[in-house]
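# Understanding the architecture of this molecule
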Amino acid sequence: YARVFALCTDVMEAIRGLPQPVITQVQGLATAAGCRLVASCDLAVASEDAAFATPGVKIGLFCTTPGVALGRAVPAKKAMEMLLTGAPISAREALACGLVNRVVPPGELEAQTLALARQIAAASFQVIALGKAAFYRQMAMDLPEAYRYAQRVMVENLLAHDAQEGISAFLQKRPPRWEG
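Below is a short write-up of the structure. Keep in mind that this is a model prediction, so the values were computed, not measured. (Residues numbered from 1 in each chain as written. Predicted model: local features only at pLDDT ≥ 70, side-chain atom pairs only at ≥ 80, totals over all residues. Heavy atoms only, no water.)

## Some thoughts on the packing of helix α3 (residues 64-73) against helix α4 (residues 76-85)
Stated precisely, the cut-off is as follows: A fitted line through C-alpha atoms serves as each axis, taken over the contacting stretch for helices, and the angle formed by two N-to-C directions is quoted from 0 to 180°. Note on conventions: DSSP H or I runs of at least 4 residues are helices, E runs of at least 2 residues are strands, and numbering of each starts at the N terminus. Roughly parallel means an angle under 35 degrees; roughly antiparallel means over 145; roughly perpendicular covers 65 to 115; every other angle is labelled oblique. In this scheme the handedness of a crossing depends on how the near helix is turned from the far one: anticlockwise by less than a right angle means left-handed, clockwise means right-handed. Pairs of residues are marked as contacts when any of their non-hydrogen atoms sit within 4.5 Å. Note on residue categories: nonpolar means Ala, Val, Leu, Ile, Met, Phe, Trp, Tyr, Cys or Pro, charged means Asp, Glu, Lys or Arg, and polar means any other residue, Gly included.
Between α3 and α4, the least distance of the axes is 8 Å, while the angle of their chain directions is 150°. The orientation of α3 relative to α4 falls into the category roughly antiparallel. Relative to α4, the crossing made by α3 is right-handed. On the side of α3, the interface is formed by G67, L70 and G71, while α4 contributes A79, M82 and L83. Residues that form the contact of α3 with α4 fall into these classes: four nonpolar, two polar and no charged.

## With respect to the layout of surface pockets
Condition: Grid spacing is 1 Å over the protein atoms alone, the probe is 1.4 Å, and a cavity is where that probe fits but cannot get out, while a pocket is an open set with protein on both sides within 12 Å along at least five of seven lines and lining residues have an atom within 4 Å of a point. Grid points are joined across faces, edges and corners, and a volume is the space filled by probe spheres set on the points.
Roughly 590 Å³ of internal volume is contained in the largest pocket. Surrounding the largest pocket, 23 residues form its lining, R16, A39, A69, R72 and Y136 being those nearest its centre. Elements represented by at least two residues in the lining of the largest pocket include exactly α1 (2-17), α2 (33-40), β3 (43-47), α3 and α7 (125-139). Among the elements that make up the lining of the largest pocket, the one with the highest residue count is α3 (five residues). Residues of the lining of the largest pocket, tallied by class, amount to 13 nonpolar, five polar and five charged. When its volume is computed, the second largest pocket comes out at roughly 230 Å³. As for the second largest pocket, its lining consists of 15 residues, of which F5, A32, L61, T65 and P66 are closest to the centre. Counting only elements with at least two residues in the lining of the second largest pocket, the list comes to α1, α2 and α3. Its residues placed into classes, the lining of the second largest pocket shows 11 nonpolar, three polar and one charged.

By themselves, these figures tell us nothing about what the structure is for.
In structure tokens, the structure reads:
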């Protein structure tokens, strides 16, 4: 059991550690580890017929590991409600509490997810990677420390080639040519 839970945790941590944004698309019911996966991804697009649950409590197994990601993705009271009742929430409720970013008609799930990915992919990979890493790192800091860290990252980012290219392209009213 310990190896299975450790492997699942390694996968969830790897998602956060990737320089690329990870977008999940959800169709159907995402329970326990599936709900944890949704909560661990950077972005989530759900079909209107999707639902989310941490039902372990119903069989005598509290979803403690899914609760780690869930408690960081949604407000604590909503996470506890899901963990304590095991009752599924709808895609619309998941959107309202921040578990997913968008809810779309079932027939549009793949197209809408790809459109979101393409929008992100149009930006500089270096900037996206830097920003993703900085975002998750600062989330673990208190507010003054987070601002000090974010200021250092902004200066580093501003001095990078792609920021200079992006600013020049904006001023020259042309598309940027990203290095990375």
